[in-house]
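Structural description and commentary
Listed below are the residues making up each chain.
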Amino acid sequence: TTGMFTYDPSFTSTASCDSAITYIDGEEGVLLHRGYPIDQLASKSHYLEVCYLLLYGALPNAAQLEDFESRVTNHTMVHEQMHRFFTGYRRDAHPMAIMVGTVGAMSAFYHDSTDISDPWQREVASIRLIAKMPTIAAMAYKYTVGQPFVYPRNDLDYASNFLRMCFAVPAEEYQVNPILARAMDRIFTLHADHEQNASTSTVRLASSSGANPFACIAAGIACLWGPAHGGANQACLEMLREIGTVDRIPEFIARAKDKNDPFRLMGFGHRVYKNFDPRAKVMAESAKEVLELLGVENNPTLQVAQELEKQALADPYFAEKKLFPNVDFYSGIILEAMGFPTSMFTPIFALSRTIGWISQWKEMIEEPGMRIGRPRQLYIGETFRDYTNVEDR
Ligand code: SDX
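Scope of this entry: the structure provided in the associated data block. What you are looking at is a predicted structure, and each value in this text was computed from that prediction instead of being measured.

Let's talk about the packing of helix H11 (residues 232-243) against helix H16 (residues 328-338)
Contact geometry of H11 with H16 gives a least axis separation of 8 Å together with a crossing angle of 75°. In this view, H11 runs roughly perpendicular relative to H16, as classed from their interaxial angle. On H16, the residues touching Ala232, Asn233, Cys236, Leu237, Leu240 and Arg241 of H11 are Asp328, Phe329, Ser331, Gly332, Ile333 and Glu336. Residue composition of the contact of H11 with H16, by class: six nonpolar, three polar and three charged.

In structure tokens form, the structure reads like this:
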């Protein structure tokens with residue numbers, strides 16, 4: 001008790017919103033998007049079809065899917081003025097810093113889709129963001145590696161277009177590897193939405209003031225960047241590289257259990273999943289498949305990851321804390337095998353999650369009587385007291 005106030009430690013936050021988009025059962029390791037299980041969507045669907053499902057609430061028929069994919073394809077280019085915008089960044093800027101700045105700046109380029117009270121402008125902003133995020137992420141990568149930007153092509157699918165914009169160079173044509181394109185598309189799908197996580201809640205709260213969608217998505221990107229959230233995929237692969245060989249795993253497991261050591265196993269644990277993360281299961285299978293198909297199945301990072309998972313899951317500490325691999329544990333191994341630097345892992349998470357942020361934004365904006373968010377606090381500070389002059393202190 002601090003005088004006027006009694007602090008109730010049993011206070012728990014109430015649900016922040018109603019939503020019909022994604023359902024998670026943390027105990028059972030269930031993740032449904034509009035009722036469809038994530039493992040079925042990852043194996044049978046593809047990212048743009050999942051985007052349609054998340055945005056409009058139902059799987060599209062052939063005509064609806066073709067129309068949606070055509071609208072996205074025809075919005076993949078960015079305003080040519082944006083190319084000049086990039087020259088303001090240092091070449092060694094983290095691509096996430098570029099994503100935050102450039103997506104926020106879309107508010108200055110696409111005035112005709114910032115009025116959220118207009119259903120048509122909301123629709124155009126949604127399509128523009130889904131379509132342009134891969135282009136912006138690829139431009140951020142090209143800028144940081146000192147290579148020329150590669151324009152999107154309308155004859156390529158979403159994932160192939162992204163891979164080509166990242167890895168094509170003027171000196172030679174880039175042949176998209178269909179295995180990598182399929183694995184890339186699956187990574188997009190596995191990261192598409194995840195209920196009220198920190199970055200989605202950031203987008204919802206920012207949007208509740210009526211701010212334009214580009215500014216709100218930029219806020220979500222900023223939140224996702226943190227190592228406890230979307231930045232974990234980069235931190236996880238850097239941790240696996242630091243461990244280096246399987247004989248050093250016990251040393252790092254001991255550190256993760258040591259309360260005096262701030263080190264945590266990156267890619268492990270989750271606020272909601274207390275049994276397993278269904279996305280991690282699909283990602284682990286995809287990592288094995290992609291590396292085998294690429295002929296690098298004896299990749300040391302994969303071997304360390306598989307042995308680390310085995311040893312950690314056999315350790316009573318992790319069982320007691322209910323810690324196990326999450327979506328970020330294996331994703332970096334696939335992205336590294338594709339040729340991405342670790343700095344591009346979180347931008348890829350951000351472009352994948354854009355549909356989740358947009359769908360949740362749309363659901364909230366279209367809710368009748370939407371009000372500005374205003375989280376409450378439990379005040380535990382000083383009670384009332386009079387000011388004293390500096391000479392009397
Ligand atoms: C994502 O919310 C979402 O849905 C997010 C996400 C999405 O799709 O949007 O799923 C994406 O962000 C996945 C999580 C990626 N982050 C990491 O992998 C970073 C490492 N993980 C931890 O920082 C942590 O597990 C969190 C942040 C994921 C979860 O944090 P919580 O729920 O607040 O759990 P906690 O930090 O309170 O930990 C509970 C206990 C603690 O011990 P005690 O204080 O109870 O003694 O478990 C320990 C922690 O010390 N612990 C870990 C650990 N994670 C938690 N110990 C070692 N290694 C870890 N990874």
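Focus on the pattern of salt bridges
Under the criterion given, the structure shown has 17 salt bridges. The residue arginine 122 makes a salt bridge to glutamate 366 at a minimum N-O spacing of 3.5 Å. Of this pair, arginine 122 sits in helix H6 (residues 119-144) while glutamate 366 sits in the segment after helix H17 (345-365), and the two are 244 residues apart along the sequence. Notably, a salt bridge pairs glutamate 363 with arginine 204, separated by 2.6 Å at the nearest N-O pair. Remark: arginine 204 occurs in helix H9 (residues 198-207) and glutamate 363 occurs in helix H17; sequence separation between them is 159 residues. Through salt bridges with shared partners, a single network forms among Arg153, Asp155, Arg164 and Glu173.

Brief notes about the nonpolar core
If you look at the biggest cluster of nonpolar residues, it comprises 114 residues, and the most contacted ones within it are Phe162, Met184 and Phe340. Take this core: its biggest share by element is 13 residues, from H6. In this view, phenylalanine 340 contacts Phe162, Leu163, Cys166, Phe167, Met184, Leu335, Phe345 and Ile348; residues no more than four positions away in its chain are not counted.

Comments concerning the site of the ligand
Among the 23 residues in the neighbourhood of the ligand, the closest are listed as His194, Leu265, His270, Arg271 and Arg279. A distance of 2.8 Å separates a nitrogen atom of the ligand from a polar atom in the backbone of phenylalanine 268. The side chain of arginine 353 places a nitrogen or oxygen atom 2.8 Å from an oxygen atom of the ligand. Burial of the ligand by the protein amounts to 78% of the accessible area it has alone, namely 1000 Å². Residues of the shell around the ligand, tallied by class, amount to nine nonpolar, seven polar and seven charged.

Comments concerning the pairing of strand E2 (residues 30-33)
Regular strands place their side chains on alternate faces of the sheet. Side chains Leu31 and His33 of E2 all project onto a buried face; the interleaved residues Val30 and Leu32 project onto a face where none is buried. Pairing geometry for strand E1 (residues 22-25) and E2, over four bridges, is antiparallel. Note on E2: the bridge partner recorded for tyrosine 23 is leucine 32. In sequence, E1 turns back onto E2 through a hairpin of four residues, with glycine 29 there showing a positive phi of about 65°. When E2 meets strand E3 (residues 36-37), the two strands line up antiparallel, connected through two bridges. Residue pairing across strands places histidine 33 opposite tyrosine 36, the latter belonging to E3.

Considerations on the packing of aromatic side chains
Given two aromatic rings, their pairing is described by the distance between the two centres and the angle made by the two planes. One pass over the full model with this rule turns up 23 aromatic pairs. Ring geometry for phenylalanine 167 and phenylalanine 340: centres 4.8 Å apart, planes at 50°, overall tilted. Remark: phenylalanine 340 occurs in the loop between H16 and H17 and phenylalanine 167 occurs in helix H7 (residues 158-167); sequence separation between them is 173 residues. The two residues phenylalanine 167 and phenylalanine 340 agree in class, both being buried.

Some points on the environment of glutamate 242
Mapped onto the fold, glutamate 242 is located in helix H11. Residues glutamate 242 and threonine 301, spaced 59 residues apart in sequence, show a C-alpha to C-alpha distance of 9.8 Å. Other than its neighbours up to four places away in sequence, glutamate 242 contacts Arg248, Phe252 and Arg255.

Let's talk about helix H13 (residues 278-293)
Between its first and last C-alpha atoms H13 spans 23 Å; for 16 residues at 1.5 Å apiece the expected length is 22 Å, and the two agree. Among all positions of H13, only Pro278, Arg279, Ala280, Val282, Met283, Ala284, Ser286, Ala287, Val290 and Leu291 are buried. Along its buried surface, H13 packs onto E2, helix H1 (38-44), helix H8 (178-190), helix H14 (300-313), H16 and H17. Positive backbone phi, at 75°, marks glycine 295, one or two positions downstream of H13.

Quick notes on the sheet that holds E2
The three strands are arranged E1-E2-E3 in an open sheet whose pairing can be described as antiparallel. Of all the strands in the sheet, just E1 and E3 have a single pairing partner and so form its edges.

Observations concerning the packing of H9 against H17
Where H9 meets H17, the axes come as close as 9 Å, and the angle between the chain directions of the two elements is 40°. Our classification of the angle between H9 and H17 gives oblique. Crossing handedness for the pair H9 and H17: right-handed. For the pair H9 and H17, contact is made by Ser199, Thr200, Val203, Arg204 and Ser207 and by Arg353, Trp357, Gln360, Trp361, Glu363, Met364 and Ile365, respectively. Residues of the contact of H9 with H17, tallied by class, amount to five nonpolar, four polar and three charged.

Points about the environment of proline 60
Inspection of the secondary structure puts proline 60 in the loop between helix H2 (47-56) and helix H3 (62-73). On the basis of relative accessible area, proline 60 is assigned to the buried category, the value being 12%. Separated by 11 residues in the primary sequence, proline 60 and glutamate 49 have C-alpha atoms spaced 7.2 Å apart. Excluding residues within four positions of it along the chain, proline 60 makes contact with Glu49, Tyr52 and Leu65.

About the cut-offs
Residues numbered from 1 in each chain as written. Predicted model: local features only at pLDDT ≥ 70, side-chain atom pairs only at ≥ 80, totals over all residues. Heavy atoms only, no water. Axes fitted to C-alpha atoms, helices over the stretch in contact; angles between N-to-C directions. Helix = DSSP H or I, 4+ residues; strand = E, 2+ residues; numbered from the N terminus. Parallel < 35°, antiparallel > 145°, perpendicular 65-115°, else oblique. Contact = heavy atoms within 4.5 Å. Nonpolar A, V, L, I, M, F, W, Y, C, P; charged D, E, K, R; others polar. Salt bridge = Lys/Arg side-chain N within 4 Å of Asp/Glu carboxyl O. Core = buried A, V, L, I, M, F, W, Y, C linked by side-chain atoms within 4.5 Å. Buried < 20%, exposed > 50% of the residue type's maximum accessible area, 1.4 Å probe, protein only. Near = heavy atom within 4 Å. Polar contact = N/O pair within 3.5 Å; in protein donor to acceptor, adjacent residues only side chain to side chain. Areas by Shrake-Rupley, 256 points an atom, 1.4 Å probe, with all protein chains shown as cover. Pairing = 2+ DSSP bridges. Phe/Tyr/Trp six-rings, centres within 6.5 Å; stacked < 30°, edge-to-face > 60°. Expected span 1.5 Å × (residues − 1). Left-handed = near helix turned anticlockwise from the far one by under 90°.

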